[in-house]
Structure formats: structure tokens, C-alpha cells
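Tertiary structure, described
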Amino acid sequence: MSEHLIILPIIVQAIIAVTLLFFWRKPKTQRVLSIVGSSIAVIIASMLFGTVWNQGTQVLQLGNWEAPFGISLVGDTLAAALVLLTSIVALVISIYSNTNMVSARVKFGYYAIFHFLIMGLSGAFLTGDIFNLYVWFEVIIISSFVLLTIGGRKIQIEGAVKYFTLNMLSSIVFLTGIAMLYGVTGSLNMAELSQIIPTIENKGIVQTISLVFMIGFGVKAGLFPLYLWLPASYHTPPAAVSALFGGLLTKVGVYALIRVFTLIFPLQGLNQDILMIIAGFTVFFGGIGALVQKDVIRVFSYLIICHIGFMIGGLSLFTEIALVGAVFYMFHDIIVKATLFMIGGVFFRMFGNTKLYNMGGLMNDYPRLSLLFAIPLFALVGIPPLSGFWPKLSLFGASYQMNSIFMLVVFIFASLITLIIIAKVWNNVFAKNARKTEKLEKLKYYDQFDLREKSAMIIPILMLVCVILYYSIFAEHIQLVAERIGNELMNSDQYVEAVFNLKDEAK
Amino acid sequence: MKSIILTTVSKTLLPLLLLFSVFVLLRGHYLPGGGFIAGLIASIAFILHSFANGLKKTRHLLRIHPGFLIPVGLALAIGSAIAPMIFQDLPVMTGLWYHNEIPVIGKIGSALFFDSGVYLVVIGVSLTIIFTISEKA
């Protein structure tokens, strides 16, 4: 049974999505089904994480084809933890969509596509085959494109075109990389690739292929030169969709970078320098971009880019402690960014827009909510003991150990500029006096909501804040998980053994 | 586009094309063919019918909304993928085969059900798209 557990997170999402398609014209049924299904998915993902934690890396050979020939699903600690976080964020957002997503949009299949997207994310985390990873990326892009455009407002289409063009381009680059890799090695299984690559004598071509992969994944992760699709599109869809995108989509790119550059092409030499410089630029441009934006959602979008720099910076240092920091930061970032975008949705319902200069007085009007919203904002800055602080300890320590002053400066710059930006947001939204703006007639404001609608907006935020508090107070648990992941990533032998051992057992 | 020739021919072609699509679906496992191409052929049958006789008559002929075929096909495909896990404790998507050959159809395995799922999804998607476009036009 435990061997099947690894595919269940994917299967469950597929089954939910198809069931939802049967209830195409019944939004209320869809809402209930989606929440129930997502809860089941959380249970399954935690079972998977428990199994991986207790019994080590789990492997399933799809279709019973032996390892290098068929597609393997590999659940190591990193993949299992990310699947668990994905399912938690999915559950929270499916609750949040109750108020945030109007029935007209649900009738266009919002929930079904939402679960197809979660299926794609889980698949991308779990797969052990590089071409299969590409297929999951396609599932993710197509579903996210539908989610971006549902509703069909002009601004959404504009954002979606930018989003789709650059992501499609990166997929093509990624596919080219796969083709080159297959041409050189004749294999697509990541575990086998990690063994073949060191034996290839033509180091130049390996270097080229690794850079092609870096470009492909870098676009998806929102790295420096080609991050522009992200702030151009993330503020256009409803808050539930941007919360999902902000929390999870760029992290798939980061995950792919971490996986490929630890397992297949272990970082060294030129690649390491390039990645370091890119991480520096990403932090710089993301931070400066966030500083000048006037719309709170766009500020958050640029902050995503800025903080991707932390994870990529951690990866580029390429020591165990740095990877621990990067992975811990990724866990923290997934939850905090999803919370921030959901809070952005609440802002929109309170003020009618999300322009910083139009907002204000939140602390006077909603003191308890302000306290709730303060926690993720401060966690993002990394005020101890909140969750952003702990991964930075590892990251700073690692750059100090590696004698990398450049990375140290980058990390300190990122922390400082985040502090300045959050202070600016706090000043404008919470502290300063509210400005009188004309109320929009069509929009239902937050104070007009009944208790059910209000709780559907606030309870999800509360749930994620609880997760953030868990990260903060029980940081040693997360640190323990991250340390194990760091160890697994640096010693990729056990990943390879796990993939091929099963084959020997079957004989 | 009312043409008596097309209307007459389409009445004969509809069952022929549907039969051909099933033939292509069944020969798919080892020979060129399979669910996707068979689904396209089947949807061409209905599209031709709608060109000749008008959308209303084709809709009446189909009775159900073609979009309904999408979840049915997907359910069939997922079912055939997880069947080995549920019944035989084998990994997902392992091919299960019935030993004896059945006349006309040949060997039956879980792959056939997967392909039939694809067949239904393709019919559903292409008919939904074409019907929506020709309604708007």
C-alpha cells in the first residue's frame, strides 16, 4: 500500500477535478466538493510525508516498467514536504474562493481547473523523470492560463498574454534542453542522468545544456532578466488566483532549479558564479521594483521576485547549510506569500481598490484584523521570532562560512529593503488616516458582508497565520526537516539508490 | 449552406464515419490509430451532419451536450489508470490484459479503456468548440 501512496496526491486531485466537471452548472455543490476534496488531499499528503519521514525516499515505477525505461515517481523529503505545503495552500484557497470567486466565474469551471493546477504542481514535485517534469509544467501553464483569464476582463487578457508568451518561451527552451540532454546521454531518468553526466568527456556541451536549463527554469522562477511577466500579470486575476500563483507557481521553478542543479548538474565553477550574480540582480531589481510601486498587489508581486533571490542565492552557495536555509526559506515563502495575496483581496473589499495612497486607517477601523495581518507582514521581514528570521540565520551563516561577501551583502540588502517596503505598506494602509474615496456601486464592500462571507475571507488567513506561527515557535521542527533535505540534496547517491534499488528487489 | 446532395450524402456518411472511427479506435494498439484520431473522425461525422442539416438537428441527434462527454471520458481514463492499483496491487497504469481473445475486437486490456476515454474527451472537446463557434458566427 505504501508504494501507491506516492501517486495518490496526483490521483486525488484528478478525481476531484473530474467530479467537479460533472457538476458544471452547480456552483454551490462545487464549492462544497472542492473543500471536502482538498481536505482529503491534505490528509493523503500528510500520510505521504509521514511515510517518507519514517521510511526514507519512496519510489513508484509507473506502469511497472523498470527504472530507466519507464517513468519513476520519487518522493524524497523535499518533494513530500512541498506536496504537503501545496495541499495545505490549496485547501486554504478553496475556502477563500467561497467569497472571493463569484458564481459566474465558477460556472466557467474555476474549481475544476484549480484542481488540475494543483495536480500539475504535485506531479511536478513528485516526478523523477525530466520529460515528465516538462509535461507537468505544461499542465501547470495551461491551467494557470485559464485561471488568469476566467472572467475575461480586458486587463486580465493583457496580463495573461504577457504571462503566456514568456512562459511558453521558457517551456520551449526547457524542451530544447531536454532534447539536447537526451541526444548526449540517451536517458531521461533523473537518477540515471546523474550517473551518466560525470562520465561524459565533452564538458563543454554539458555546460551548455545546464545553462539552457537554467534559462528555462529561471523564467518560471522569476529570475532576473526575464521576470517581467510576473508583476505584469499577478495583479490582474481575483485574489484567490493570485494567492495561489504567488504562493506556489514560482516555487515550482525554484524547485526545478534546486533539483536539477543538485542532482543532474551539481553546481560548480561558472554555473555557480552565474547563479550568484543572477540571484544578486534578482534581489536588487525585485526590491527596487517593489519600492516604487503604488499598488499594494504589485508591491507584493515584486517582493516575490526579490525573495526568490534568497532561495537562488542559497542554492548558488551550494553548501549543506545554505541549502537548508534556501529550503526553509521556500517553505516560509510559500505560506507567507499566499497569505499576503489573500490579505490583498481583503484590502480590495475594504477600500474598493488597492492603490496605496487611497488606503488607510485600518488600525482604527479593524484593530483585531490589523493584528492578524501584521503577523505575515512582520514574518516576511524576518523579525525574530517570526518565521522569516530562522532561514536567514542559515543563509547568513553559510555565506559567512563560504567567505562570500557578495552573497552576504545581497542577503542583507534584501532584508533591509523588505523592511523598508513593509514599513511603507504599514504606514499607508494601517497607520495613516483614511482618505475619503467614492464608493463603487457595483462592488460589495467588506462591511456589507454577512458573517459567512466574512469568515470565508478571514478563516483561511487565520489558518495560514497559524502555520506561520507554527514555523516561528517550533522552528526546530522545520529546521530538522530542512536539514534532512539539505543532506539528501548534497548526497544525491541515496536518491539514485532509491530509484534503482526497487528494481533489484523486484528481481 | 443548404445543398440537397450534401444533405443526402451526410445521412449515409454519418453512420459510416462513426463505424470507421470505432475501427480506428480498436486497431490503435499496435497499428496506426487510437483514441485521439478516432475521436477526431467521429467528431468530423457530426460536424459534417451539422453543416448539411443545421446545428439544431445535430444537437437533437446527439441529445446530450457534447461537453458532457469530457468528464465521462476523463473518468473512464482515470478509472483504467487506477484499476491495477485497486484490483491487483500493481503500480498505477500497469497494463491489465484479459487472456482470451474476443472475436472482432481482439485482446482486451486496460489500454483499450484508456483509449476509449481519450476518444470521448476528443469528441467532447472538438464538438464543444465547433458548436460554440458556429453558434456565434
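A quick note: this is a predicted structure, and the numbers were derived from the prediction, not measured. (Residues numbered from 1 in each chain as written. Chains lettered and ligands numbered in written order. Predicted model: local features only at pLDDT ≥ 70, side-chain atom pairs only at ≥ 80, totals over all residues.)

1. Points about the overall build of chain B
Rule in force here: For the purposes of this entry, the term helix denotes a DSSP run of H or I that reaches at least four residues, the term strand denotes a run of E that reaches at least two, and both are numbered from the N terminus. Field definition: a residue is buried when 20 or more other C-beta atoms are found within 10 Å of its C-beta, exposed when 12 or fewer are, and partly exposed for counts in between, with C-beta atoms placed from the backbone. C-beta atoms are placed from the backbone for every residue, and two residues are taken to be in contact when these atoms lie within 7 Å.
Along chain B, the regular secondary structure elements total five helices and zero strands. Along chain B, helices (α) and strands (β) appear in the sequence α-α-α-α-α when read from the amino end. Projected onto its principal axes, the C-alpha coordinates of chain B cover approximately 55 × 30 × 20 Å. Among the 137 residues that make up chain B, the fraction classed as buried is 35%. Of the contacts made within chain B by residues no fewer than 6 positions apart, 66% connect residues no fewer than 24 positions apart.

2. Observations regarding the overall build of chain A
The condition is simple: Values of the radius of gyration come from C-alpha atoms, whereas the globule rule sets the reference at 2.2 Å times the count of residues to the power 0.38.
Tallying secondary structure elements over chain A gives 22 helices and two strands in all. In summary, chain A has a C-alpha radius of gyration of 22 Å against a globular reference of 23 Å for 507 residues, a match within 12%. Here the C-alpha coordinates of chain A stretch approximately 70 × 55 × 40 Å along the principal axes. The 507 residues of chain A split such that 56% are buried. Here the contacts in chain A between residues at least 6 apart in sequence split such that 80% fall between residues at least 24 apart.

3. As for the packing of helix H14 (residues 296-317) of chain A against helix H19 (residues 405-431) of chain A
All names here are of chain A. Definition in use: For every element, the axis is a line fit to its C-alpha atoms; helices are fit only across the contacting stretch, and the angle between N-to-C directions ranges from 0 to 180 degrees. Oblique is the label for any angle not under 35 degrees, not over 145, and not in the 65 to 115 range, which are roughly parallel, roughly antiparallel and roughly perpendicular in turn. Take the far helix as your reference; a near helix turned counterclockwise from it by less than a right angle gives a left-handed crossing, and one turned clockwise gives a right-handed crossing. Three residue categories are used. Nonpolar comprises Ala, Val, Leu, Ile, Met, Phe, Trp, Tyr, Cys and Pro, charged comprises Asp, Glu, Lys and Arg, and polar comprises the others, including Gly.
Where H14 meets H19, the axes come as close as 11 Å, and the angle between the chain directions of the two elements is 160°. Compared by their axis directions, H14 and H19 come out roughly antiparallel. For the pair H14 and H19, the sense of crossing is left-handed. Packed against H14, whose contacting residues are Val 296, Val 299, Leu 303, Cys 306, Gly 309, Phe 310, Gly 313 and Leu 317, the element H19 presents Met 407, Val 410, Phe 411, Ala 414, Ile 417, Thr 418, Ile 421, Val 425 and Val 429 at the interface. Of the residues contributing to the contact of H14 with H19, the split by class is 14 nonpolar, three polar and no charged.

4. Examining the pairing of strand S1 (residues 58-61) of chain A
Residues and elements named next belong to chain A. Heads up, the condition is: For two strands to pair, DSSP has to find at least two bridges joining them.
Covered by surrounding structure in S1 are Gln 58 and Leu 60 together with Val 59 and Gln 61, the residues of both alternating faces. Pairing geometry for S1 and strand S2 (residues 72-75), over four bridges, is antiparallel. Following the sheet pairing, Leu 60 is matched in S2 by Leu 73.

5. Points about helix H10 (residues 203-221) of chain A
Residues and elements named next belong to chain A. Under the convention used in this document: One fewer than the residue count of a helix, multiplied by 1.5 Å, yields its expected span.
The terminal C-alpha atoms of H10, which comprises 19 residues, lie 26 Å apart, in line with the 27 Å expected from a rise of 1.5 Å per residue. Three or more residues of H10 are buried, namely Ile 209, Ser 210, Phe 213, Met 214, Gly 216, Phe 217, Gly 218, Val 219, Lys 220 and Ala 221. Buried-residue contacts for H10 involve helix H8 (154-185), helix H12 (239-264), helix H13 (269-292) and H14.

6. A look at the environment of B:Pro84
All names here are of chain B. Inspection of the secondary structure puts Pro 84 in helix H4 (residues 69-88). The sequence separation of Pro 84 and Thr 94 amounts to 10 residues, and the corresponding C-alpha distance is 6.1 Å. Excluding residues that lie within four positions of it along the chain, Pro 84 makes contacts with Leu 90, Pro 91, Val 92, Thr 94, Leu 96 and Ser 110.

7. Quick look at the interface of chain A and chain B
Where the parts come together, the accessible area they lose is often given as the size of the interface. Each partner contributes to the interface: chain A provides 13 residues, whereas chain B provides 13 residues. It is helix H2 (residues 8-22) of chain A that provides the largest number of residues to the side of chain A that touches chain B, a total of six residues. Split into classes, the residues belonging to the side of chain A that touches chain B amount to nine nonpolar, four polar and no charged.

8. Notes on unusual backbone geometry
Residue and element names in this part refer to chain A. A cis amide bond links Pro 384 to the next residue, Pro 385, at an omega of 10°. Counting through the fold element by element, Pro 385 comes out in the loop between helix H17 (367-381) and helix H18 (389-401). Unusually for a residue other than glycine, Asn 403 sits at a positive phi of about 65°. Here Asn 403 lies in the loop between H18 and H19.

9. Structural notes on the nonpolar core
Across soluble globular proteins, you tend to see nonpolar side chains buried next to one another. Residues and elements named next belong to chain A. The criterion, for reference: Joined through C-beta atoms within 7 Å, a set of buried Ala, Val, Leu, Ile, Met, Phe, Trp, Tyr and Cys residues constitutes a nonpolar core.
Grouped together as the largest cluster of nonpolar side chains are 216 residues, with contacts concentrated most on Leu 257, Ile 312, Leu 315, Val 327 and Ile 468. No other element matches helix H15 (residues 320-351), which puts 23 residues into this core. Sequence-distant contacts of Ile 468, that is, excluding residues within four places in its chain, are made with Ile 335, Val 336, Ile 375, Pro 376, Ala 379, Leu 386 and Ser 387.

10. Quick word on the confidence of the model for chain B
What counts is decided by this rule: pLDDT is defined as a per-residue confidence score from the predictor, taking values between 0 and 100.
For chain B, per-residue confidence averages 87 on the pLDDT scale, and 99% of positions sit at 70 or higher. Prediction confidence for the complex, expressed as pTM and ipTM, is 0.93 and 0.89 respectively.

11. A look at the packing of H15(A) against helix H21 (residues 475-490) of chain A
All names here are of chain A. Put simply, H15 and H21 touch, their axes get as near as 8 Å, and they point 125° apart. Accordingly, the angle class assigned to the pair H15 and H21 is oblique. Considering only the axes of H15 and H21, their crossing is right-handed. Of the residues in H21, those in contact with Glu 320, Leu 323, Val 324, Val 327, Phe 328 and Phe 331 of H15 are Ile 478, Gln 479, Ala 482, Glu 483, Ile 485, Gly 486, Asn 487, Leu 489 and Met 490. Taken together, the residues of the contact of H15 with H21 break down into 10 nonpolar, three polar and two charged.

12. With respect to the environment of B:Gly33
Residue and element names in this part refer to chain B. On the secondary structure map, Gly 33 appears in the loop between helix H1 (4-26) and helix H2 (35-53). Note: C-alpha distance between Gly 33 and Ser 21 (12 residues apart in sequence) is 9.2 Å. For Gly 33, the residues in contact, after removing those within four places along its chain, are Val 24, Leu 25, Arg 27, Gly 28 and Ala 38.

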